[in-house]
Amino acid sequence: MPQHSGVGGSSGFRDRDGFGGQGEIPFHLGAFCRLNDAVLGKSRGVLSPPNSLWPHSAGWFRRLLHKPKPSSVESLKSSHSTSSSPSSSSSSSAKSSRSSPGTSLATSSISLSPVSALDISASDSPRWDKSYDVCICHSEGDMELVEELVSYLEGQPESFRCFLQLRDAVAGSAVVTELCDAVQNSHCWVMLITPGFLQDPWCRYQMHQALAEAPMANGRTIPVLKDVDRKDYPRELRNIYYIYMALKEKSFRQIRDTVMRYLQGLCQSSTKRME
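These remarks concern the structure in this document. (Residues numbered from 1 in each chain as written. Predicted model: local features only at pLDDT ≥ 70, side-chain atom pairs only at ≥ 80, totals over all residues. Heavy atoms only, no water.)

## Focus: the sheet that holds strand β5 (residues 162–163)
In step 1: Ordered in space as β5-β4-β6-β7-β8, the five strands form an open sheet in which the pairing is parallel. Bordering the open sheet on either side are β5 and β8 (243–244), each of which pairs with just one other strand.
In step 2: Sheet topology note: the strand β6 (residues 186–193)/strand β7 (residues 221–225) ladder contains five bridges and is parallel. Opposite I193, over in β7, you have L225 as the bridge partner.
In step 3: Sheet strands in contact with helix α11 (residues 248–274) are β4 (132–137), β6, β7 and β8, and its direction is about 155 degrees off that of β6. (Pairing = 2+ DSSP bridges. Helix = DSSP H or I, 4+ residues; strand = E, 2+ residues; numbered from the N terminus. Contact = heavy atoms within 4.5 Å. Axes fitted to C-alpha atoms, helices over the stretch in contact; angles between N-to-C directions.)

Encoded structure:
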């Protein structure tokens, strides 16, 4: 039998008995079919297929070898289209994100709940169940910074209601009573932890009242650390994340967003209970 001596450009046939003279016979379809016809039909007694079937077999083999392979081309096209579709979708999403960068920022920073600001300020909102949205716990030495914070919060579109002790405490009332009432009548408590806060026993007292009111730290207590080493952070607040005031404007926004999140969650919980 002839033997195939290789693949690709070096393909050819060599007869063990010296058929074909010297070297290899270049691969040719017609020669291959004639060679197989001669071998199968005439040599060494091998039975050849019926004459009615062999031409069909040879024709099928020719078509198999000469038939183009569109499937490979189509597969390349399909793979190209498949690989290009994610890039096109990503480019379109990138274009949309570039066209409206403010949307994602607003969504990530403020719109953490489906409840809108209008729902928070609605007449039947649970926000109005308490007299204040925020109680600012601070020492007397930080009064200037606290006034800036209160002015910022009260000037927001939501008009947050802030309790400021020197402004809102009832004249003639006991200090303990005023501090306790301020905690109980406020949704959130901002603890402005400064060196003066750590040395003021009334600040410590109000902090303990707030922790007793909401021991589970569900977003109502908002510690703000300023000019205090982390090692001096009160142990009572170690299970609560704090805001480190490095940039005043940024810290004010964080405080505002934290209060907003709590009020949104409060309104959302109230809506679910009503449903």
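## Section: the pairing of β4
Regular strands have side chains that alternate between both faces of the sheet.
In step 1: Across the six residues that make up β4, a large majority, five, are buried.
In step 2: Pairing between β4 and β6: five bridges, direction parallel. In the strand pairing of β6, I136 is matched with V190.
In step 3: Relative to β5, β4 runs parallel, the two being bridged by two bridges. Of the residues in β5, the one forming a bridge with V134 is C162.
In step 4: As for the winding sense of the linkage, the β-α-β connection from β4 through helix α6 (residues 143–154) to β5 is right-handed. (Buried < 20%, exposed > 50% of the residue type's maximum accessible area, 1.4 Å probe, protein only. Right-handed = clockwise from strand over helix to strand, strands pointing away.)

## Considerations on the side chain of D142
In step 1: Mapped onto the fold, D142 is located in the loop between β4 and α6.
In step 2: Despite being buried, D142 has no salt bridge partner; K226 is the closest side chain of opposite charge, sitting 6.4 Å away.
In step 3: Beyond its immediate sequence surroundings of up to four residues, D142 is in contact with L192 and T194. (Lys, Arg positive; Asp, Glu negative; His and termini not counted. Salt bridge = Lys/Arg side-chain N within 4 Å of Asp/Glu carboxyl O.)

Nothing here speaks to function; it is geometry throughout.
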